[in-house]
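# Coordinate inspection notes
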Amino acid sequence: SIRRFVFPANSAKVFTHTRAFASWLNTGIPNNTPSHKSGLKKVVFYYDKKGITSKLTKDIFGSKGFVKEKSTLGNSLGEYRTIELVVMPSTSPASAKMRPPQKEKLWHIGCFSINEPPPSYSCPGCDLYGEDKRREKHWFADCEHYERWKGKRRSLGKRKPKGGDAWYY
């Protein structure tokens, strides 16, 4: 069963256009569809006000009335099938409002509900500067070496380091 739809911001904007899925978003499951006759509940789309990207979701879907704030649904949740809509910033390198480490953290939290780095995650900043692996797990965006890493990367310009992964620098 689907519980959440996650959209990059530009895709969400396209999704809400009248020629795309606007009518579907507005009606949930229409009364004349076979799925409704089979006893499925009407779909209500919501966003969680406490969510990390709730403002972006509200701005895109809420401005057109396609989504309700979760707390306004109250006790009637059992009457509907609810699907959370989440709008995330684009991961494209062309979307430069946010650096990749911030996007990584935001997507893990907002899309996958992973608030802490998974056990397999290794911070590139700590790896590069030889920090002890037993340190507390953290996102690269929160690393004490992040600013130093950015400075080193800027200083290289378009030159690539010899024998190393250019992304680390």
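Just so you know, these numbers come straight off a predicted model, no measurement behind them.

## Some thoughts on the overall build of the protein
- When you go through the protein residue by residue, the secondary structure sums to 8 helices and 4 strands.
- Across the 169 residues of the protein, 32% fall into the buried class.
- Looking at the protein alone, contacts between residues at least 24 apart form 53% of all its contacts between residues at least 6 apart.
- As displayed, the protein offers around 11200 Å² of accessible surface, 52% of which is attributable to carbon and sulfur atoms.

## Some remarks on the nonpolar core
- Core analysis: the biggest nonpolar cluster contains 16 residues, and Leu25, Phe61 and Leu85 have the highest contact counts within it.
- Elements with a contribution of two residues or more to this core: α1 (9-15), α2 (22-27), β2 (43-47), α4 (54-61) and β4 (81-88).
- Those residues in contact with Leu85 that lie beyond four places of it in its chain are Phe5, Phe7, Leu25, Phe45, Tyr46, Tyr47, Thr57, Phe61 and Val67.
- Judged by nonpolar contacts, the second largest core, of 9 residues, contains Cys123, Trp139, Phe140 and Trp149.

## Remarks on the pattern of salt bridges
- Per the stated rule, a full pass over the model turns up 4 salt bridges.
- One salt bridge in this structure joins Arg4 and Glu84, with 3.2 Å as the shortest N-O distance. With Arg4 in strand β1 (residues 4-8) and Glu84 in strand β4, the pair connects residues that are 80 residues apart, well separated along the chain.
- Take Glu84: its relative accessible area is 13%, and that puts it in the buried class.
- The residue Glu147 makes a salt bridge to Lys150 at a minimum N-O spacing of 3.5 Å.

## Points about unusual backbone geometry
- Positive phi outside glycine occurs at Ser113, with the angle close to 55°.
- Mapped onto the elements of the fold, Ser113 is located in the loop between α6 (100-110) and α7 (124-128).
- On the basis of relative accessibility, which here comes to 42%, the residue Ser113 falls in the partly exposed class.

What counts, and at which threshold
- Residues numbered from 1 in each chain as written.
- Predicted model: local features only at pLDDT ≥ 70, side-chain atom pairs only at ≥ 80, totals over all residues.
- Heavy atoms only, no water.
- Helix = DSSP H or I, 4+ residues; strand = E, 2+ residues; numbered from the N terminus.
- Buried < 20%, exposed > 50% of the residue type's maximum accessible area, 1.4 Å probe, protein only.
- Contact = heavy atoms within 4.5 Å.
- Areas by Shrake-Rupley, 256 points an atom, 1.4 Å probe, with all protein chains shown as cover.
- Core = buried A, V, L, I, M, F, W, Y, C linked by side-chain atoms within 4.5 Å.
- Salt bridge = Lys/Arg side-chain N within 4 Å of Asp/Glu carboxyl O.

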